[in-house]
Amino acid sequence: MLQYMIILLDDASTSFCHYEVPSGERRLIHLDDLRAAIRLAMIENLTIQFVYPDYELPQEYQEVIDTIDHSDIKPLLAVTPDADVVTINGWEIDNKSLSGRVAVLRTAMSELLAHTRAVKDLLAVVQRLNVVITDLTTLTDTNREAYMHWLNEVGQTVVELYINGQSPQFNLLTDRMMLAAMNNCGAGDTCITLAPNGRFYVCPGFYYDDPENDVGDLRRGFDIKNRQLYKLNYAPICRQCDAWQCRRCVWLNRHTTLEVNTPSHEQCVAAHLERNASRQLLTSIRQKGTFLPDKPEINEIDYLDPFEKLQER
Ligand code: SF4
């Protein structure tokens, strides 16, 4: 069931996930479409997340936006004191401005591995850090090993922060410890996106790939074909997997396997490296004292891709 509506306020709205925003002209959503979208969200009882570009919107837009409860996703470069989620692209980060905030850091794998100190410093100040590895599909045997070591090293910092009384939230390491079930991408299932052209898409990435690939518009309403395919129940491997923190990015699936509910090998491997590092992290924190006493241990497993395990049977 749909629960969220993401509204891209402009073609140049920031990315908060794997998709890239093409560098092109600005196109602000029409004010009437913005009003109609808010009305529809109220009728359908959907929570709205507005995604902003890096320039300040005209005052009349802000007035319409403020007519409904919502969340704001804004780029770090924009005026962000009121943003609920701040997106970061690049490493010139003023940590003070991110104190107590929810941040999304988009980075290539090599950049991430080269900026360990910056990530540790961020974790010490933000309320939550989500890292999106934008070139996940290029994961190789070589950088897979390096990623595993990187996760364990940053995990040591997370342990120290816990000992110091902080509770850092970090999607790559702490989510798996906290979750009790799958918590992944809801595109096309719990979440739908409105683009500045007044049409709906499975997620922003589908809009930027092909604006003709819409799933309805503000006049017709929602029209998601084969809607069941976006549900976990229709992903036979994922629904049995216990890498509960895995993003299962629908857009990435579509790009790599041409199926919205079939992930790439690399997505599974990365998610399992993170799962295993979370296992190590949980053990390390528990060696220092009682921690999440109601949560069971995370089992040791001998595979990184459940598809390979299935083929062995
Ligand atoms: S690790 Fe692979 S099988 Fe497990 S949830 Fe993620 S995409 Fe699905």
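This report concerns the structure included in the present document. Treat the numbers as computed from the prediction; the structure is a model and nothing was measured. Residue positions are counted from 1 within each chain, in the order its sequence is given. Where totals are concerned, whole chains, interfaces and linings use all residues; where local detail is concerned, this predicted model gives features only for residues with pLDDT of at least 70, and gives and counts side-chain atom pairs only at 80 or more. Here the side-chain values reflect all heavy atoms present in the structure, with hydrogen atoms and water set aside.

The subject of this paragraph is the state of the cysteines. Disulfide: a pair of cysteine sulfur atoms within 2.5 Å of each other. Taken as a whole and judged by the stated rule, the model has zero disulfides. No disulfide involves Cys249; its nearest neighbouring cysteine sulfur is the one of Cys17, lying 4.4 Å away.

One open sheet holds the nine strands; their spatial order is 7-6-5-4-3-2-1-8-9, and the pairing between them is mixed. Edge positions in the sheet fall to strand 7 (169–170) and strand 9 (200–201), since each has one partner strand and no second. Of the strand pairs in this sheet, strand 1 (residues 4–8) and strand 2 (residues 47–51) are connected by five bridges, and their pairing is parallel. Counted as the bridge partner of Ile6 is Gln49 from strand 2. By definition in these notes, contact holds between two residues if any of their heavy atoms fall within 4.5 Å. Under this scheme, a helix contributes an axis fitted over its contacting stretch, all axes are lines through C-alpha atoms, and angles between N-to-C directions fall in the 0 to 180 degree range. Numbering of helices and strands runs from the N terminus, with a helix taken as a DSSP run of H or I at least four residues long and a strand as a DSSP run of E at least two residues long. In the packing of helix 1 (residues 31–44) onto the sheet, the strands contacted are strand 1, strand 2, strand 8 (191–194) and strand 9, and the crossing angle to strand 1 comes to about 175°. Pairing between two strands requires that DSSP report at least two bridges joining them.

Salt bridge, as used here: a side-chain nitrogen of Lys or Arg that lies within 4 Å of a carboxyl oxygen of Asp or Glu. Applying the stated criterion to the full structure yields 19 salt bridges. Between Lys231 and Asp189 there is a salt bridge whose closest N-O contact spans 2.8 Å. Placement of the pair is Lys231 in the loop between strand 11 (221–222) and helix 8 (250–257) and Asp189 in the loop between helix 6 (175–178) and strand 8, with a sequence separation of 42 residues. Take Lys231: its relative accessible area is 27%, and that puts it in the partly exposed class. The buried label goes to any residue with under 20% of its type's maximum accessible area, the exposed label to any with over 50%, and the partly exposed label to all in between, with areas taken from a 1.4 Å probe on protein chains only. Asp189 gets classed as buried once you look at its relative accessible area, which sits at 15%.

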